[in-house]
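One-letter residues, chain by chain:
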Amino acid sequence: MGIADFVSVLADVPTLLTLKKGMKPRPLDETDCFGRQVTSTATTHGGSVAVVYGDETQTWHELNEQANRYAGALANLGVGRGDVVSLMMENRPDFLALCISISKLGAVAALINTNLRERPLQHCISVSQSKMCVFGMELAEAVEGVKELVPLSEGEGFVAVPDSSSQEVPSWASNLSALSSNLEPDEPQAQNDVTLRETAFYIFTSGTTGLPKAAIMSNRRFLQMSRLSYIAGLRCTHRDRIYLCLPLYHGTGLVIGAGAAMLCGAGVVLQRKFSASGFLGDVRRHGVTHLVYVGEMLRYLYNSPEKPDDAQNSLHTMIGNGLRPDIWIDFKRRFGINRVTEFYGASEGNVAFANILNKDCTVGLTASKVALVRYDLESGEVWRGDDGRCVEVDEGEPGLCIGHINPNSSFEGYTDSDATESKILRDVLEEGDSWFNTGDLLKTVDVGFSLGYKHYQFVDRLGDTFRWRSENVSTNEVGEILNGFEDIAMSNVFGVQIPGSEGRAGMAAVSLNEGLSQLNVDSFSEYVQANLPSFARPVFVRVQPAQEVTGTFKMVKKDLREQGYDLNVVEDPIYVLKPGAEGYSELDNDYLNEIQSGSARF
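By convention here, each chain's residues receive numbers from 1 onward along its written sequence. Local features in a predicted model are, by the rule used here, given only for residues with pLDDT of at least 70; side-chain atom pairs are given and counted only at 80 or more, and totals for whole chains, interfaces and linings are based on all residues. Excluding hydrogens and water, the side-chain figures rest on all heavy atoms present in the structure.

1. Description of a negative patch on the surface
Item 1. Residues form patches when they are more than 30% accessible in relative terms and have no salt bridge. Like charges link within 9 Å. Nonpolar side chains (Val, Leu, Ile, Met, Phe, Trp, Tyr) link within 5 Å. Here the Shrake-Rupley method, with its probe set to 1.4 Å, supplies the accessible areas, and only the displayed protein chains count as covering residues. The term salt bridge refers to a pairing of a side-chain nitrogen on Lys or Arg with a carboxyl oxygen on Asp or Glu at a separation within 4 Å. Working convention for charge: Lys and Arg count positive, Asp and Glu count negative, and His plus the chain ends are omitted. All charge positions are set by atom: Lys at NZ, Arg at CZ, Asp at CG, Glu at CD. Taken together, Glu586, Asp588, Asp590 and Glu594 make up a surface patch of like negative charges.
Item 2. Looking at the element boundaries, Asp588 is found in the loop between strand 29 (585–586) and helix 18 (589–597).
Item 3. Exposure is judged per residue with a 1.4 Å probe applied to protein chains only, and the accessible area is read against the type maximum: over 50% gives exposed, under 20% gives buried, and values in between give partly exposed. For Asp588, a relative accessible area of 39% puts it in the partly exposed group. Here a strand is any run of E in DSSP of at least two residues, a helix any run of H or I of at least four, and the numbering for each starts at the N terminus.

Dropping the structure here:
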């Protein structure tokens, strides 16, 4: 360890002390919500830029007034404290204004993935028991496809927000822009009555079984995580600009990025989509100082042609998850990054790790009580000793990360009580204790001088979910949909790695119905395109004579994962969905070589 490293860590002591004080859980009965926090930010930093979107700019005063008008219009339509409003909209300032307005009313925003269609979309609106669905006109066709299938009435049950002044709202929906335009921007009284205990959001997450689950996020947890982000992660003020192109229906974009800005008054440079070619131009043009990222986005940037002036920009700090160790150091050098706050956590979880001491290739430290316990990869079960208790792994050894459930670190769970219980391990280290199962392997790492804090590194995701295209994919959910295709008797879905790509791509091993010897690839391709969002479509499909199962009739994934799509060890036919292709084609050795060399560009 060098003197510079020692000095750098010591310089973080004031931040750690501030964080420790600020992260002490507040009483659940205390009144506060992030809508009220935005009111405060607009009072303190009203003239500062809140949102930059293309050529448009909004100050905090203007954004707060827009949110108040939206709140007034929603209240006139009957939305009140505790009601649930489904919100489906691509990244644009209206999304932020609507989240703020719903919070100010003491209602709950159910944030719906903009990629969902048909049955998954219908499920999300229905399972959240939404009183209303507010959507952007860019997604009107998707909402129209399910409006007859959800328990909402035409007119007041569906509320549209035009994407441009020239757009016409369909007859079956109300026009929020028109309903709010002439209202006074009065502050809703409800924001002063809402408690930290009350729910701020439902954030949908793919679980291990069935359709998306609605994870509960309380006002306390939203404010706590946002405060962690701006104080210790981003370390930003109202003078900074945060580049945000991640979807706002995800916790990373909404809580870590937008939430941090709402509390400190920083400006958000909002993008609807990420563009590697346009990124540095945006950074320089708007004076961006901070970035919220996911690993796949950074991989695209890293794979773009290097230029001598890449490091000549205003960006110096970034926060997110998924920056892989193999590009970490070189990425910082190339783009002139001083601080990387890699973090680890789940929208529904009770544990969070953050690299607030700026140690390379680590998810950092945690204030939560956690344990890393032994996990049997073959059986897919937590390993327990003769006494029935779990066994913690040795330092540096990968183990299943679990978080202790207690009053200061509660597991808020899902709207589905059975789904909540499925994520809890009991009698883990002592009788009567309970722990949240993250479903991920982590390990401790030696980072040198770190003020006595233990640091961790993400190893891998376990179980029946994997991450692809920055989305969590449920293997069972995809499998259930594939089983609905007329040729398929049974499908077994899992994630596989592709060189040069972040996360794991979907692969399905399928067996055909009796009497069929060949998959109808054209019809299957059409079925997959129609029934699965792009991130959940299996990249590879292996056609097997039969599925291998255990004695308890669980499908075996271990060998399938290890064999993957390697034609040198798999004799069954394998089909691949190439980037940009509409349908599957048979995988051959030439294309396999492209994939393995990292030049296939998935």
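2. A look at the sheet that holds strand 6 (residues 155–161)
Item 1. Spatially, 7-6-5-3-4-8-9 is the arrangement adopted by the seven strands of the open sheet, whose pairing is mixed. The open sheet terminates on both sides in strands that have one partner only, identified here as strand 7 (173–175) and strand 9 (213–218). Neighbouring strand axes in the sheet, compared pairwise and without regard to direction, differ in orientation by 30° on average.
Item 2. Two strands are said to pair when DSSP picks up at least two bridges between them. The sheet contact formed by strand 8 (residues 199–205) and strand 9 spans six bridges and is antiparallel. What sits directly across from Thr205, in strand 9, is Lys213. Between N-to-C directions, angles span 0 to 180 degrees; the directions come from axes that are lines fitted to C-alpha atoms, helices contributing only their stretch in contact.

3. Some remarks on the sheet that holds strand 29
Item 1. Taken in spatial order, the five strands of this open sheet run 25-26-27-28-29, and their pairing is mixed. Both edges of this open sheet fall to strand 25 (488–496) and strand 29, since each of them pairs with a single strand only.
Item 2. Sheet analysis places strand 26 (residues 505–512) next to strand 27 (residues 540–544), joined by five bridges and oriented parallel. Each bridged residue has a counterpart across the sheet, and for Ala509 the counterpart in strand 27 is Arg542.
Item 3. Whether two residues are in contact is decided by their heavy atoms, any of which lying within 4.5 Å being enough. Set on the sheet, helix 15 (residues 475–482) makes contact with strand 25 and strand 26; between it and strand 25 the angle comes to about 150°.

4. Focus: the environment of Asn113
Item 1. Counting through the fold element by element, Asn113 comes out in the loop between strand 4 (108–111) and helix 6 (118–127).
Item 2. The exposure class of Asn113 is buried, given its relative accessible area of 11%.
Item 3. Between the alpha carbons of Asn113 and Tyr249 there is a distance of 6.1 Å; along the sequence they are 136 residues apart.
Item 4. Asn113 has contacts with Met88, Tyr249, Glu471 and Phe535, leaving out every residue within four places of it along the chain.
Item 5. Polar contact is defined as a pair of N or O atoms within 3.5 Å, subject to the rule that within protein one atom must be able to donate a hydrogen and the other to accept it, and that residues adjacent in sequence are counted only when both atoms are side-chain atoms. Separated by 3.1 Å, the side chains of Asn113 and Tyr249 make a polar contact.
Item 6. Within the structure, the side chain of Asn113 is placed 3.2 Å from the side chain of Glu471, a separation counted as a polar contact.

5. Some details on the pattern of salt bridges
Item 1. Evaluated as defined, the whole model comprises 25 salt bridges.
Item 2. A salt bridge links Asp83 to Lys131; the shortest N-O distance between them is 3.4 Å. With Asp83 in the loop between helix 4 (60–76) and strand 3 (84–88) and Lys131 in the loop between helix 6 and strand 5 (132–136), this residue pair connects regions lying 48 residues apart in the sequence.
Item 3. Residue Lys131 is classed as partly exposed on the basis of its relative accessible area, which comes to 39%.
Item 4. Linked through salt bridges whose partners overlap, the residues forming this network are Glu90, Arg92, Asp94, Glu138, Asp163 and Arg272.

6. Description of the packing of helix 3 (residues 34–44) against helix 5 (residues 93–104)
Two quantities define a packed helix pair, namely the angle between the helix axes and the distance between the axes.
Item 1. The contact between helix 3 and helix 5 brings their axes to 7 Å, and the two run at 110°. With respect to their mutual orientation, helix 3 and helix 5 come out roughly perpendicular. Packed against helix 3, whose contacting residues are Phe34, Gly35, Val38 and Thr39, the element helix 5 presents Cys99, Ile100, Ser103 and Lys104 at the interface.
Item 2. Note on residue categories: nonpolar means Ala, Val, Leu, Ile, Met, Phe, Trp, Tyr, Cys or Pro, charged means Asp, Glu, Lys or Arg, and polar means any other residue, Gly included. The class makeup of the residues in the contact of helix 3 with helix 5 is four nonpolar, three polar and one charged. In these notes the angle categories are as follows: under 35 degrees is roughly parallel, over 145 is roughly antiparallel, 65 to 115 is roughly perpendicular, and the rest is oblique.

Remember that the coordinates give geometry; whether it matters functionally is a separate question.
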